Amino acid sequence: MAAASCAACGYLALPAIVENRVQARLAKGGFPAARVDVTSVGLDHLQMRNVHLQPGLDLGSVRLNRGVSLLWSNVDDISVDGAHVSVDEVAAAPPKLKGNGGPLPFRSLHVAGSTIALGERTGQLAGLVSADGGALDVTISISEPKGWSARGIGRVTWGKQLAVNGHVDLHLPKLDAGPYKLTDVQIPASIDATGIRIKNASAKLAGGVLELDGFMPVDGSPDVTVRATGLRIGELLSPTKRVTGTGLVDGEIALRADAGGLWIQRGELHARTAGTLQVTDADWRASVAAIKTSRIPVQKAVATALVDFKYDTLTAKVGSGKGAELQLALRGHGVRNKQELDIAVNVRGVRDSAAKLLKGVK
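Quick caveat: nothing in here was measured; it's all calculated off a predicted structure.

## So, the overall build of the protein
Helix and strand counts for the protein come out as 6 helices and 21 strands. The buried share among the 362 residues of the protein stands at 35%. Put simply, 40% of the contacts in the protein that link residues at least 6 apart link residues at least 24 apart. Accessible area of the protein: about 20,800 Å², with a carbon and sulfur share of 59%.

Now the structure itself:
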């Protein structure tokens, strides 16, 4: 009878013993304030809830395929449900958690029904992490009710330094790029020891499509090439609130980032077919109307033509090298006065203006 009573007491005390052991191991791993509630324990399982490692790093309900044996052996399989993880907290994980390159203390980690915070955004998280010696094979899926999603697969070498090799597909329903709104943004990227490569990323803008290829090296300056197809001139000019137009634009722009910021290496945009340009600013139009024809007839004719202009060709070029500036060329005639014009203009400061514009991307 006494033996049975002792066994019963031991069984009832077992969850508390295991709970203390788990918290001690988490504290040793760098989470001294970790808390867990053990709800069920046996020879081959351990069920916990309210698993809290630190603020922003809650694992919800956790099930291990080890029970009492956890007292003397490592975990094999872990299932996590209802976790909430902040990316900032993960990035600041204690160094002890990141290991020293040796075998990790589990074989596989399944995550479902969880959430992850990315800045001000929160997404649904699911995934599988498989340990292979000193490396992790990761498959992850993140989605958010507003439409953005990310899916990735790759291998993470887990040691004194993290090394990642894999592929990520990111979808954003919209993205603010300075004064412009990008929609249906698709970004496929591959990651390895040399850096991040983006191939055939795309987004919709101004009724057309932008495509992007780029390479962001671990060491060196990022290079990005943007191709534009079928962008509406009127929508591109809309942020000026002074000029509008019709027609479609195609072209390509190469960008580079260095210590001095983001700048245009080279580029060319051209109108696909004939179209129109029109000054809509009332003050500008009034200034043109006020020019006295008797004093400067050529200036009056040119200015009047440019206020309402029908172009046959329209091209904007930026040459290679940091010293090059924008060259704007257009050929056509005024809508009202039929004045024929063939104009080439060099515009200074375009690189600084572009850099300021691109800094508004978010």
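## Topic: the confidence of the model for the protein
One rule of thumb: low pLDDT means the predicted coordinates there are not for detailed reading. With 80% of its residues at a pLDDT of 70 or more, the protein shows a mean pLDDT of 80. Across the protein, element-level confidence peaks in strand S14 (residues 223–232) with a mean pLDDT of 94 and bottoms out in helix H6 (residues 350–358) with 50. In this model residues 1–12 is a low-confidence stretch, pLDDT under 50, and it forms 0 contacts with partners more than four residues away in sequence or in other chains. Scored below 50 in pLDDT, residues 96–101 makes 16 contacts in the model with residues more than four places away or belonging to other chains.

## Considering the side chain of aspartate 213
Structurally, aspartate 213 is set in strand S13 (residues 208–217). Here asparagine 200 takes part through its backbone nitrogen, which lies 2.7 Å from a polar atom of the side chain of aspartate 213. Once you skip the residues sitting within four places of it in the chain, aspartate 213 turns out to touch Ile198, Lys199, Asn200, Asp223, Val224, Thr225 and Arg227.

## Overview of the pairing of strand S1 (residues 35–41)
As paired strands, S1 and strand S2 (residues 46–54) are joined by 5 bridges and run antiparallel to one another. Bridge pairing in S2 links aspartate 37 to arginine 49. The loop that links S1 with its antiparallel partner S2 comprises 4 residues.

## Some words on the environment of glycine 234
By the secondary structure assignment, glycine 234 is in helix H3 (residues 233–237). Separated by 11 residues in the primary sequence, glycine 234 and glycine 245 have C-alpha atoms spaced 4.5 Å apart. With near-sequence residues (within four places) excluded, glycine 234 lies in contact with Thr244 and Gly245.

## Thoughts on the pattern of salt bridges
Applying the stated rule across the entire model yields 16 salt bridges. The salt bridge partner of arginine 155 is aspartate 137, with a shortest N-O separation of 2.9 Å. Within this pair, whereas arginine 155 is found in strand S9 (residues 149–157), its partner aspartate 137 is found in strand S8 (residues 135–143), the two being separated by 18 residues in sequence. Note on aspartate 137: relative accessible area 32%, which makes it partly exposed. Overlapping salt bridges bring together Lys199, Glu211, Asp213 and Arg227 as one network.

## Side note on the environment of valine 111
Locating valine 111 in the fold gives a position in strand S6 (residues 108–118). By relative accessible area, valine 111 is classed as buried at 18%. Expressed as a C-alpha distance, the spacing of valine 111 and aspartate 81, which sit 30 residues apart in the sequence, is 6.1 Å.

What counts and what doesn't
- Residues numbered from 1 in each chain as written.
- Predicted model: local features only at pLDDT ≥ 70, side-chain atom pairs only at ≥ 80, totals over all residues.
- Heavy atoms only, no water.
- Helix = DSSP H or I, 4+ residues; strand = E, 2+ residues; numbered from the N terminus.
- Buried < 20%, exposed > 50% of the residue type's maximum accessible area, 1.4 Å probe, protein only.
- Contact = heavy atoms within 4.5 Å.
- Areas by Shrake-Rupley, 256 points an atom, 1.4 Å probe, with all protein chains shown as cover.
- pLDDT = per-residue confidence, 0-100.
- Polar contact = N/O pair within 3.5 Å; in protein donor to acceptor, adjacent residues only side chain to side chain.
- Pairing = 2+ DSSP bridges.
- Salt bridge = Lys/Arg side-chain N within 4 Å of Asp/Glu carboxyl O.

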